[in-house]
Amino acid sequence: MAYVAIADQEHELHEPHSFVAKYIWSQDHKVIAIQYSITAIIMGVFGMVLSALMRLQLAFPDTFAFITPNAYYQHVTMHGMIMVIYLLTALFLGGFGNYLIPLMCGARDMVFPYMNMLSYWVYLLSVILLMASYFVPGGPTGAGWTLYPPQSILPGTPGFDWGIIMMLASLAVFIIAFTMGGLNYVTTVLQARCRGMTLMRMPLSVWGIFVATIVGLLAFPALFVSAVMIGLDRLVGTSFFMPAILSAGKNLDYQGGSPLLFQHLFWFFGHPEVYIVALPVFGIVSDLLSNHARKNIFGYRMMVWAIVAIAALSFVVWAHHMFVSGMNPYFGFFFATTTLIIAIPTAIKVYNWVLTLWRGNIRFTVPMLFAIGFIFTFTNGGLTGLFLGNVTVDLPLSDTYFVVAHFHMVMGVSPVLVLFGAIYHWFPKITGRMFNETMARWHFWLTLLGTYAVYLPMHYLGILGVPRRYYATFGTDFIPDSAQSLNVKITIAALMVAAAQSLFFINVIWSLKKGKPADPNPWQATTLEWQTPDTPPKHGNWGPKMPVVYRWAYDYSVPGHHQDFIPQNEPPSGHEATASEHGRT
Amino acid sequence: MQISTLVIALLTAVLVWTLLVRRLSAKPWIQAEAGHDIGPASQPASKVGLWVFLCVITSLFALFFTAYMMRMDPHHAAGVAWVPFDKPAILWLNTLFLILGSLAMQWAHAAELHGRIDTLKAGMAAGGFCIIAFLVGQIIAWEQVRNADFFAMTNPAVGFFYLLTAVHGLHLLGGLWVWGGATLRIWRADQVNSGSTTVELCTVYWHYLLLVWLLLFGLLLST
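About the criteria used
Residues numbered from 1 in each chain as written. Chains lettered and ligands numbered in written order. Predicted model: local features only at pLDDT ≥ 70, side-chain atom pairs only at ≥ 80, totals over all residues. Heavy atoms only, no water. pLDDT = per-residue confidence, 0-100. Axes fitted to C-alpha atoms, helices over the stretch in contact; angles between N-to-C directions. Helix = DSSP H or I, 4+ residues; strand = E, 2+ residues; numbered from the N terminus. Parallel < 35°, antiparallel > 145°, perpendicular 65-115°, else oblique. Left-handed = near helix turned anticlockwise from the far one by under 90°. Contact = heavy atoms within 4.5 Å. Nonpolar A, V, L, I, M, F, W, Y, C, P; charged D, E, K, R; others polar. Phe/Tyr/Trp six-rings, centres within 6.5 Å; stacked < 30°, edge-to-face > 60°.

## A word on the confidence of the model for chain B
Looking at chain B, the pLDDT average stands at 87 and 86% of residues meet or exceed 70. Scored as a complex, the prediction yields pTM 0.92 and ipTM 0.90.

Okay, structure coming up:
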């Protein structure tokens, strides 16, 4: 028996007419994607403001009275958590996942549209809970984004009373929202692909989002478990993680708990989280590079396998975040080895991106600039990861700015570059308008060069031994004055990068009103989302007729064809030279 | 032991090969024609969605169980370690209710397949009743532990008992929510709706949570 879900109904879906049904309680995946994206970007801007405050304190200590030590730690904690969870995870999976999966797979919508809508509203609730922690006594938690016990729930840490509870509640609610969305993404990819869209014809963007979602569905429960258990330690006095401890001269009731157990649980989520963000990035950047280099992606099958391999390996490397916590040397050896092994599929991807560019007909469009910027940045960040993956190198560097520089290059700047590249790439489809090219180019160069001015010197600070997480470090014997002057320069660069982001927002607002109307397929792309009958696509995406796919997503510059791309839904013609020859590169 | 591990590894390899490798070894750049293997879905999305959800719950409980065993390990505990306690006898009766609930749902599902609306109604009612009885029994067990001499929240054995039974109970409550909607619809109907999958999905979910409980109960009894 065949089952027809809303995602692959043959008949057209009727567009809702009321404002509320269309934009607020919408079940249309595209509107939900935009809701997710706007909320996540607002959170991202807030996170960026927090980082600016941190940088001000580091460069100009004792200057800003309102940045107290407590406030500094709260900024550090909220910045980390917001950027990793509420911006990057929400935007790549909730935003791009929602927008791209049904369109790229040729479905009318997600398979469970109502649950998809709920997913966004529950996500919004988690955001509200998180932000509400600014209004509870003691303010938000300042425990660091890893929330390690025992310090996270003991006096002395900002927000140890209410802030940490709000954070844990918000995370638990976020995980529920993610699960609702994730079930949709996985089931839609498995069940609602249009006719002809085999798994191996899916664009790599969908592959990245699909596999990242599976990783998320299996890894987020670890964060849920640790959040619930630490919440119980704090609220009802269990001793899951809390050892017997003396606090402010008083013996607390806790006994026998294991802080290391929390670290294992947290990082069992925490490391796959890196790939929950990175895999969609890998997929999206592959599509950007192939499209704007007018060349098929190099080694498509290898790219798919690398995504799957990275996802599998991401579950067996978590303890490299815990080398300084102490462990059996054999475990250290095991986790260092798995960490270095994960570099193999990752390097395969980087080589394949470069080889995709090799002898391509490169168009230096704005999305392409961001994609190329990503390759450089990700390679830089990845190489320093090789240093930190080794136990003996990690130990002296772990608590320094070297680590801050490493993870910001690989997990901060790299995904954000792809994020902007992707927004510029799909902006014409989402809005029906072209963006302002000049402003976008300025945005790219200021962001790229600015972030390098921030993070490259930070590696040097780390090698000097400047410790991270400290409110004020200078005036000590082991940190030279030159490090402080470098810190000032880093802060100036960081503030300039932050200011440069206003170009993006001005561009979006200006283009929405005055941008040139977009062609349905301005980048001459092959994938299905560019072949919709309407731009922007209407509710149900495909009008009366569902698409049929005849080929993979990378038929660019096929010899003998009258144009340099063949859309996935274009039937094969008699004289068509198939992509078989040039695809075997 | 080694032979069984080998057999399991072999079966896993065959499964992975069948599900993944064969599909992912296609060369999509060679042929340009409509794929005939992708048509309307052969399974309802809700069924696939449930199985994906069960994978998520499996991950959740597996992590809870792992945390349980790691916390028991004296090498991980800093200071006073785990203090085992006798589990309330009512848990055996609760287990019986859960088994009966599963059987009743299976009975309801069979009735649905054969189009017997009265049996379906009875099966659904019995399935729900047994789960409610199980949950009431769990609350009684909680009370018994709370009033016992050995009760101390700082004892992780006690903490985990409450935590794991609560998480399992919450999953059952979620199931009851879906069961409630399905039962209301069935109660008002004169004949079986053959297109609906809700009863089948509830049955799978009941069986799954029975399995989780049996593992959890075994863990609680053995420690």
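Still more to cover.
## As for the packing of helix 8 (residues 300–313) of chain A against helix 10 (residues 343–357) of chain A
Residues and elements named next belong to chain A. Direction vectors running N to C along helix 8 and helix 10 enclose 150 degrees, while the axes themselves pass 9 Å from each other. Classified by the angle their axes make, helix 8 and helix 10 are roughly antiparallel. For the element pair helix 8 and helix 10, the recorded crossing hand is left-handed. Contacts between helix 8 and helix 10 pair Met302, Met303, Ala306, Ile307, Ala309, Ile310 and Leu313 from the former with Pro345, Thr346, Ile348, Lys349, Asn352 and Trp353 from the latter. Classifying every residue of the contact of helix 8 with helix 10 gives ten nonpolar, two polar and one charged.

## Focus: unusual backbone geometry
Residues and elements named next belong to chain A. Of note, the amide linkage connecting Pro149 to Pro150 takes the cis form, showing an omega dihedral of 5 degrees. Structurally, Pro150 can be placed in the loop between helix 4 (113–132) and helix 5 (163–191). Residue Pro536 is bonded to the preceding Thr535 through a cis peptide linkage, with omega at -5 degrees. Locating Pro536 in the fold gives a position in the loop between helix 15 (481–514) and helix 16 (580–583). The residue Leu147 is not glycine, and still its phi comes out positive at about 55 degrees.

## Brief notes about the environment of Phe97(B)
All names here are of chain B. Tracing the chain through its elements places Phe97 in helix 3 (residues 90–114). Remark: the alpha-carbon pair of Phe97 and Ile117, spanning 20 residues in sequence, is separated by 24 Å. In this structure, Phe97 is in contact with Phe129, Cys130, Ala133 and Phe134, ignoring residues within four places of it in sequence.

## Thoughts on the packing of aromatic side chains
Scanning the model with the defined rule gives 61 aromatic pairs over all chains in all. Look at Trp25(A) and Trp121(A): their rings are 4.8 Å apart centre to centre, the planes differ by 45 degrees, and that puts the pair in the tilted class. Taken together, the residues span a long stretch of sequence, with Trp25(A) in the loop between helix 1 (19–24) and helix 2 (29–59) and Trp121(A) in helix 4 at a distance of 96 residues. Here Trp213(B) and Phe217(B) contribute two aromatic rings whose centre-to-centre distance is 5.4 Å and whose plane-to-plane angle is 15 degrees, an arrangement assigned as stacked.

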